[in-house]
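These are the residues of each chain, in order.
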Amino acid sequence: MKTTSNSRRKFITDSAKGTIALSIGLSTAGSFAASCAHAKNILTTIPSTGFKQQPLPYKYDALENVIDATTMEIHYSKHAAAYSKNVTDAAAAEGIDITKPLEDVLSKISKYTPKMRNNGGGHYNHEMFWQCMRPKQEGNKPMGNLQVAITKAFGSVDDFKKQFGDAGKNRFGSGWAWLYADTNKNLKVGSTPNQDNPLMDISEIKGTPLLALDVWEHAYYLKYQNKRADYVDNWWNVVNWDYVATRFAGL
Ligand code: MN
């Protein structure tokens, strides 16, 4: 289903194949490595162990013309890295079991400190955000059951994109736009301030996030300056609909 067109992902895949081939023998290495590589690239839950950043599933310049390489590098290696470090520190200070899914902590975030809320959300949101994107491709749109569900919920894919885009453009200050499924599995669009997300018990919108868009200025300012709307409109070119569909299928 997925292609591995960029060199970084190919390197990771080849490395995994090499390691596995050494440990389990060559005869079954291909299929096993393929499933591992797939699992590595489609993370429907956020790994909690130490709340470490997963490797970016493409190179910094892979989204050029939509998000420039410098923005991607600073965003991933500085901003998101800080959330990863700070959530790890907060978890240690607050006695949080870091072997449990981060989702579990976020669902009870009202019991923890603002540091845990801001950095737990920041880590989760960014780990998801990287997966929500892939290099630009022609005819990029939702397919299959996801397309049917979006059409049913919003009228059409274009109507959905308008609502989602408006959620991002109209978020005052910093925050995120979301496609999420509520507890009845109805698809909804909304936004959250700062690093909050729909998994949090304190959030105005609640459910399972399916697609995330970062509308903090650090996500777009170098290329788009004050034109957040242009960033939001251009972003559709790099949405990884396969990832959204995988999350949707897991509801
Ligand atoms: Mn960000």
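Use the structure listed above.
Residues numbered from 1 in each chain as written. Predicted model: local features only at pLDDT ≥ 70, side-chain atom pairs only at ≥ 80, totals over all residues. Heavy atoms only, no water.

**Q** I'd like a description of the coordination of the manganese ion, backed by residues and values.
**A** Ligation of the manganese ion by protein atoms is provided by His 75 (NE2), His 126 (NE2), Asp 214 (OD) and His 218 (NE2), these donors lying 2.0 to 2.1 Å from the ion. Mapping the donors of the manganese ion onto the primary sequence gives the spacing H-x50-H-x87-D-x3-H. Both residues of the pair, Asp 214 and His 218, count as buried. (Donors = N, O, S within 2.8 Å, 3.2 Å for Na, K, Ca; no water. Buried < 20%, exposed > 50% of the residue type's maximum accessible area, 1.4 Å probe, protein only.)

**Q** Tell me what's going on with the packing of helix H6 (residues 144-154) against helix H10 (residues 241-249), and back it up with residues and numbers.
**A** Following both chains from N to C, one finds H6 and H10 inclined at 80 degrees, their axes separated by 9 Å at the closest point. By the criterion of interaxial angle, the relationship of H6 to H10 is roughly perpendicular. Here Asn 145, Leu 146, Ala 149 and Ile 150 of H6 lie close against H10, whose contacting residues are Trp 241, Val 244, Ala 245 and Phe 248. Looking at the contact of H6 with H10, its residues break down into seven nonpolar, one polar and no charged. (Axes fitted to C-alpha atoms, helices over the stretch in contact; angles between N-to-C directions. Helix = DSSP H or I, 4+ residues; strand = E, 2+ residues; numbered from the N terminus. Parallel < 35°, antiparallel > 145°, perpendicular 65-115°, else oblique. Contact = heavy atoms within 4.5 Å. Nonpolar A, V, L, I, M, F, W, Y, C, P; charged D, E, K, R; others polar.)

**Q** Tell me about the side chain of Arg 171, residues and numbers included.
**A** Mapped onto the secondary structure, Arg 171 falls in the loop between helix H7 (157-169) and strand S1 (175-181). No salt bridge is formed by the buried Arg 171. Its closest oppositely charged neighbour is Glu 204, at 6.4 Å. What Arg 171 contacts, discounting residues up to four positions off in sequence, is Ser 191, Thr 192, Pro 193, Val 215 and Arg 228. (Lys, Arg positive; Asp, Glu negative; His and termini not counted. Salt bridge = Lys/Arg side-chain N within 4 Å of Asp/Glu carboxyl O.)

**Q** Tell me about the sheet that holds S1, and name the residues and values.
**A** One open sheet holds the three strands; their spatial order is S2-S1-S3, and the pairing between them is antiparallel. The open sheet has two free edges, formed respectively by strand S2 (187-193) and strand S3 (208-214), since each of these has just one partner strand. In this sheet, neighbouring strand axes are inclined to one another by 25 degrees on average, regardless of whether the strands run parallel or antiparallel. Summarising the sheet, S1 and S2 pair through seven bridges and their orientation is antiparallel. Its bridge partner being in S2, Trp 176 is matched across the sheet by Thr 192. (Pairing = 2+ DSSP bridges.)

**Q** I'd love a proper account of the packing of H6 against H7, names of residues and values included.
**A** The N-to-C vectors of H6 and H7 enclose an angle of 70 degrees; their axes lie 8 Å apart at closest approach. Between H6 and H7, the interaxial angle falls into the category roughly perpendicular. Crossing hand, H6 versus H7: left-handed. Contacts between H6 and H7 pair Gln 147, Ile 150, Thr 151 and Phe 154 from the former with Val 157, Asp 159, Phe 160 and Gln 163 from the latter. (Left-handed = near helix turned anticlockwise from the far one by under 90°.)

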